[in-house]
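A structural walkthrough
Listed below, chain by chain, are the residues.
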Amino acid sequence: MHAPPPRLSAAAAEELALELYGVAGHAYPLPGERDQNFRLEVVGAPTLLLKVSNPGEDPAVVAMQVRAMAHVAAADPALPISRVVPSRSGELVANPQGGGRLVRLHTFLPGHHLRPADLDPSGLFRLGATSARLGRALRGFFDPAADQQILWNPGRLEGVRSLLGWVSEPARGPVEAALGRSQPRLRDALRGLRSQVIHNDLSFSNLTFDSRGIIQGILDFGDLCHTALVSDLAVTCESILELPHGFDALATVAGGFLSVTELEEEELEILPDLLQARWATLIAVSSWRARAFPETAAYVGGWQQGPLRMLAQVEQIGEPRWRRLVVNAAHGAAAPALRGLPLGSTEELEAARQELLGSALSPLSYRRPLHLVRGRGALLYDREGGEYLDAYNNVPVVGHGNREVAHAVGAQSSILNTNTRYLYRPVLELAERLRATLPQGLDTVMFVNSGSEANDLAWRLARAFTAADGAVVTRHAYHGMTAAVADFSPGEWHIAIAPPHVVMIDPPDGYRGPHRRDQPGWAQQYLAEVDAAVEELATRGRRPCALLVDPGFTSDGVHHPPPGYLSQLYSRWQRAGGLVIADEVQTGFGRLGTHLWGFARHGALPDIVTLGKPMGNGYPIGAVITRAEVVDALAAKTEWFSTFGGNPVACQAGLAVLNQVDEDGFRARVTENGERLGRALWALASGHEPVGDVRSLGLLAGVELVSEREQRHPDPGLAAEVVEEMRSLGVLAGRAGAGGNVIKIRPPLVVTADQVDRVAATLDRALTTVEERARGRARDL
């Protein structure tokens with residue numbers, strides 16, 4: 001790159017073609033940066049391309065380019081690359097008179113250049129797929145010359161930095177800033193990324209298309225080098241973000257790439273730095289080449305305006321948010337136009353949701369709905385690049401986008417997915433692993449697809465075993481959405497009238513319930529309600545069948561009863577002849593800290609345990625664990641089967657979750673972070689009058705908001721405003737309890753200590769803001 005390009009005339013090129021290849025034709029110059037290219041029109045024969053290499057080019061590098069093209073042609077013959085025509089003496093690279101001028105003759109590729117704006121979404125998707133196919137075709141190729149010292153290699157940015165003196169202001173500042181951000185990250189990251197020989201220049205200037213936007217030619221292997229595979233995606237996308245919906249377009253190109261070659265998380269995370277490095281390199285190299293070799297100025301002069309606009313966009317959006325937008329898109333999270341939907345603004349999706357999914361669906365969370373596209377750990381990211389700490393969703397117990405779960409699901413999906421009418425190991429391994437965590441006697445595992453299905457099956461088992469149909473649930477519980485268990489979910493009833501076979505009891509609310517912590521024997525008074533429920537069922541001509549209890553009383557407002565309460569509750573019901581169903585969907589897998597299961601934390605022994613989607617970190621799976629005699633009672637009446645219950649893919653997801661939850665220190669971290677959260681939440685009570693009570697155990701917490709501390713009136717309006725304000729501050733929480741006045745906090749169990757602090761600090765800020773707003777409204781009155 002430090003030598004000027006050749007300066008052959010068209011007549012000299014024609015002479016070379018005739019001398020070396022025996023081809024007589026008319027030569028027409030083509031633009032180029034380092035080499036000199038001629039279109040060679042031959043009468044009565046196909047058009048050819050004559051390429052005269054830069055005199056400074058290493059012959060080994062030129063030979064590598066020729067071998068690489070032959071390798072690609074053999075590995076993926078459908079890729080539209082040119083073929084090298086041998087000289088009269090059989091050479092693929094001719095060296096006339098042994099001088100420094102290396103000459104090649106190629107078949108000429110048809111088509112014309114396009115701009116990104118000329119491609120529709122399907123064309124952008126094909127562009128990404130072609131980039132990945134080219135990388136895949138090259139992955140078995142190696143040549144020592146691929147380690148060439150080339151400025152276009154993103155691992156050699158020190159060379160680009162040395163060109164800053166050639167860059168004029170005002171461009172120099174953005175270039176220097178981009179290098180300052182990207183160079184340290186790339187230096188650290190590239191060592192650990194998947195690398196190979198890549199094309200490294202599949203930009204629009206090196207592609208030709210037909211009138212339909214179909215790629216007809218892949219040009220110029222001159223920047224071939226050994227570097228990170230994901231660099232090819234960055235080069236292909238170098239001008240995509242200039243489009244009006246640039247991040248959607250980037251997602252479409254990335255979606256095409258990912259349809260051929262899956263990229264690892266580390267590769268996707270480094271794409272923003274590769275883009276910034278590419279833009280900085282384009283500006284620096286073109287500035288240097290144009291001034292050092294004026295004859296190239298016309299060719300390289302167009303390289304700067306687009307990259308400068310893109311670097312300005314980084315500054316305008318803010319680099320942290322811009323990075324999140326790029327990484328969101330890099331996951332291929334968009335490309336909805338390929339599926340017949342609009343590109344997907346939040347408003348468009350909201351309208352489509354209402355039309356397509358119907359009015360019975362639970363409403364969206366928040367007044368300003370979240371349009372989420374990606375999650376990682378305890379963090380979620382929206383379409384606009386916003387980052388949110390998830391302190392609400394209990395399903396991803398080991399974190400959003402968990403790699404171990406994703407790998408387990410993907411690997412098993414590619415091998416076998418079937419049902420339990422056949423033999424396979426994963427279902428038996430998961431059943432044995434679950435059984436080993438439970439008290440002796442809970443020895444039989446039945447797999448379903450969700451917590452609702454698990455509770456539905458548990459109810460069938462209880463009815464078969466007891467030959468009864470009386471049920472007891474807490475007053476604002478949620479146990480699922482099937483026809484049977486919806487009767488056990490008072491929190492979802494529009495009219496709070498229990499079905500005739502269901503009796504409600506109060507949760508052990510020692511703060512605002514009918515029996516309070518400051519009253520002697522308050523817990524015993526709550527326990528007496530289950531005895532009264534048995535009597536009430538008898539007056540209706542019904543006998544005890546099932547008591548369904550969430551050990552955390554989560555939907556009831558998060559209650560942590562005193563020691564012995566839960567075991568006594570269970571035993572009173574069991575003595576009356578009923579079975580206890582411990583619904584562990586919200587408390588299981590270590591959420592309460594010291595124990596894997598919520599009932600075990602309280603020293604209680606249920607008859608049936610139900611698990612839901614947290615056991616698969618969100619992958620559809622559920623389970624019922626009970627005694628063999630209970631299952632035998634159902635088997636005596638009917639056969640039971642679930643087509644997808646216990647399928648090998650779901651079981652591998654469950655095993656991946658158990659593997660992580662069983663790791664040394666996992667539950668200890670949950671306990672430690674839970675205690676940290678509880679202390680921080682209790683500290684808020686001294687500074688905020690509406691904080692009436694805090695109930696926290698492990699990583700399940702409830703903060704009860706009241707309008708008057710002495711009277712303890714629930715304040716659902718305040719709670720709703722606080723949750724909305726927390727959302728605007730980047731933390732997601734929910735509400736629970738019959739009054740809707742309890743802030744419910746239940747983050748993924750991988751939440752860090754710093755993130756726990758952020759939850760409490762954000763709740764503090766939200767309370768302050770909402771209280772000040774209320775005082776302002778009062779003054780206005």
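About the cut-offs
- Residues numbered from 1 in each chain as written.
- Predicted model: local features only at pLDDT ≥ 70, side-chain atom pairs only at ≥ 80, totals over all residues.
- Heavy atoms only, no water.
- Salt bridge = Lys/Arg side-chain N within 4 Å of Asp/Glu carboxyl O.
- Helix = DSSP H or I, 4+ residues; strand = E, 2+ residues; numbered from the N terminus.
- Pairing = 2+ DSSP bridges.
- Axes fitted to C-alpha atoms, helices over the stretch in contact; angles between N-to-C directions.
- Contact = heavy atoms within 4.5 Å.
- Expected span 1.5 Å × (residues − 1).
- Buried < 20%, exposed > 50% of the residue type's maximum accessible area, 1.4 Å probe, protein only.
- 1 Å grid on protein atoms, 1.4 Å probe; cavity = no way out; pocket = protein on both sides within 12 Å on 5 of 7 lines; lining within 4 Å.
- Points joined across faces, edges and corners; volume = space filled by probe spheres on them.
- Nonpolar A, V, L, I, M, F, W, Y, C, P; charged D, E, K, R; others polar.
- Polar contact = N/O pair within 3.5 Å; in protein donor to acceptor, adjacent residues only side chain to side chain.
- Phe/Tyr/Trp six-rings, centres within 6.5 Å; stacked < 30°, edge-to-face > 60°.
- Lys NZ or Arg CZ within 6 Å of the ring centre and 35° of its normal.
- Parallel < 35°, antiparallel > 145°, perpendicular 65-115°, else oblique.
- Left-handed = near helix turned anticlockwise from the far one by under 90°.
- Patch = residues over 30% accessible without salt bridge, like charges linked within 9 Å, V, L, I, M, F, W, Y side chains within 5 Å.
- Areas by Shrake-Rupley, 256 points an atom, 1.4 Å probe, with all protein chains shown as cover.

1. Comments concerning the pattern of salt bridges
Taken as a whole and assessed by the stated rule, the structure comprises 41 salt bridges. Where R39 meets E41, a salt bridge forms, and the shortest distance between an N and an O atom there is 2.8 Å. Between E721 and R773 there is a salt bridge whose closest N-O contact spans 3.3 Å. You can see E721 sitting in helix α23 (residues 716-728) and its partner R773 sitting in helix α24 (residues 753-780), a full 52 residues away along the chain. Where salt bridges share partners, they join R512, R517, D693, R695 and E704 into one cluster.

2. Some details on the sheet that holds strand β23 (residues 734-736)
Taken in spatial order, the four strands of this open sheet run β20-β21-β24-β23, and their pairing is antiparallel. In this open sheet, the two edge strands, each paired with only one partner strand, are β20 (691-697) and β23. Averaged over neighbouring strand pairs, the angle between their axes works out to 25° when direction is ignored. Relative to strand β24 (residues 742-745), β23 runs antiparallel, the two being bridged by three bridges. By the bridge assignment, R735 is partnered in β24 with I743. Against the sheet, helix α22 (residues 666-685) makes contact with β20, β21 (700-705) and β24, and its axis sits at roughly 175° relative to β20, the strand it touches most.

3. Observations regarding helix α12 (residues 319-330)
It helps to recall that an α-helix has 3.6 residues per turn; residues three or four apart then point in one direction. In this model, α12 (twelve residues) spans 16 Å end to end at C-alpha, consistent with the 16 Å of a helix rising 1.5 Å per residue. Here α12 lies mainly inside the structure; nine of its twelve residues are buried. All of the buried residues along α12 are E319, W322, R323, L325, V326, V327, N328, A329 and A330. At the exit of α12 stands G332, carrying a positive phi of roughly 70°.

4. Notes on the layout of surface pockets
One number sums up the size of the second largest pocket: a volume of about 1300 Å³. Going through the elements one at a time, β3 (48-52), α2 (59-75), β5 (103-107), α9 (271-292) and α11 (305-317) are the ones with two or more residues in the lining of the second largest pocket. Of the residues in the lining of the second largest pocket, the class split is 20 nonpolar, 17 polar and twelve charged.

5. What to know about the environment of T227
Along the chain, T227 falls in strand β9 (residues 225-228). When neighbours within four sequence positions are excluded, T227 is seen to be in contact with N153, P154, R194, S195, Q196 and I198. One polar contact links T227 to N153, side chain to side chain, over a distance of 3.2 Å.

6. Some details on helix α7 (residues 246-260)
Compared with an ideal rise of 1.5 Å per residue, which puts 15 residues at 21 Å, α7 spans 22 Å between its outermost C-alpha atoms and is within 8% of the ideal. Taking burial as the measure, the 15 residues of α7 include twelve buried ones, the bulk of the element. Within α7, burial applies to G246, F247, D248, A249, L250, A251, T252, V253, A254, G255, G256 and F257. Those residues of α7 that are buried are in contact with α3 (121-138), α6 (231-236), α11 and α12.

7. Topic: the packing of aromatic side chains
Enumeration according to the criterion identifies eight aromatic pairs in this entry. Measuring from ring centre to ring centre gives 5.0 Å for F589 and W597, while their planes differ by 70°; the resulting arrangement is edge-to-face. In this structure F589 comes out as buried when scored by relative accessible area, which is 2%. When the ring centre of W288 is taken as origin, the NZ or CZ atom of R289, which lies over that ring, is 5.7 Å away. Stacked on the ring of F641, the Lys or Arg R421 has its end atom at 3.6 Å from the ring centre.

8. Remarks on the packing of helix α5 (residues 172-189) against α9
Put simply, α5 and α9 touch, their axes get as near as 8 Å, and they point 135° apart. Between α5 and α9, the crossing angle belongs to the class labelled oblique. As for the relative orientation of α5 and α9, their crossing is left-handed in sense. For the pair α5 and α9, contact is made by V175, A178, L179, R181, S182, R185 and L186 and by D273, L274, Q276, A277, A280 and I283, respectively. Residue composition of the contact of α5 with α9, grouped by class: eight nonpolar, two polar and three charged.

9. Observations regarding empty space enclosed by the protein
Per the stated rule, a full pass over the model turns up two cavities of 30 Å³ or more. By volume, the largest cavity is sized at about 110 Å³. As for the largest cavity, its lining consists of 13 residues, of which W152, P154, L274, A277 and R278 are closest to the centre. Elements that contribute at least two residues to the lining of the largest cavity include exactly α6 and α9. It is α9 that provides the largest number of residues to the lining of the largest cavity, a total of four residues. A class-by-class count of the residues in the lining of the largest cavity yields eight nonpolar, four polar and one charged. The residue inventory of the lining of the second largest cavity, partitioned by class, reads three nonpolar, four polar and two charged.

10. Comments concerning the side chain of Q196
With respect to the helices and strands, the residue Q196 is situated in strand β6 (residues 195-198). Judged by its relative accessible area of 9%, Q196 is buried. At 2.8 Å, the side chain of Q196 forms a polar contact with the backbone oxygen of G135. Filtering out sequence-adjacent residues up to four positions away, Q196 remains in contact with G135, L138, R139, C225, H226, T227 and L229.

11. Brief notes about the environment of T418
Within the secondary structure, T418 is located in the loop between α14 (403-413) and α15 (425-436). In this structure the C-alpha to C-alpha distance between T418 and I505, which are 87 residues apart in sequence, comes to 42 Å. If near-sequence neighbours (up to four positions away) are discounted, T418 is found in contact with Y424, T643, N647 and P648.

12. Points about a nonpolar patch on the surface
A surface patch of nonpolar side chains, amounting to about 300 Å² of accessible area, comprises L356, L357 and L361. Along the chain, the position of L357 falls in helix α13 (residues 346-357). Taking relative accessible area as the criterion, L357 reaches 53% and is therefore assigned exposed.

13. Some thoughts on unusual backbone geometry
Put simply, E169 and P170 share a cis peptide bond, and its omega is 10°. Structurally, the position occupied by P170 is in the loop between α4 (157-161) and α5. You will see that A467, though not glycine, has its phi angle at about 55°, which is positive. Tracing the sequence through the fold places A467 in the loop between α16 (451-466) and β14 (470-474). Phi angles above zero are rare outside glycine, and V558 is one such case at about 65°. You can see V558 is positioned in the loop between β16 (544-549) and α18 (565-575).

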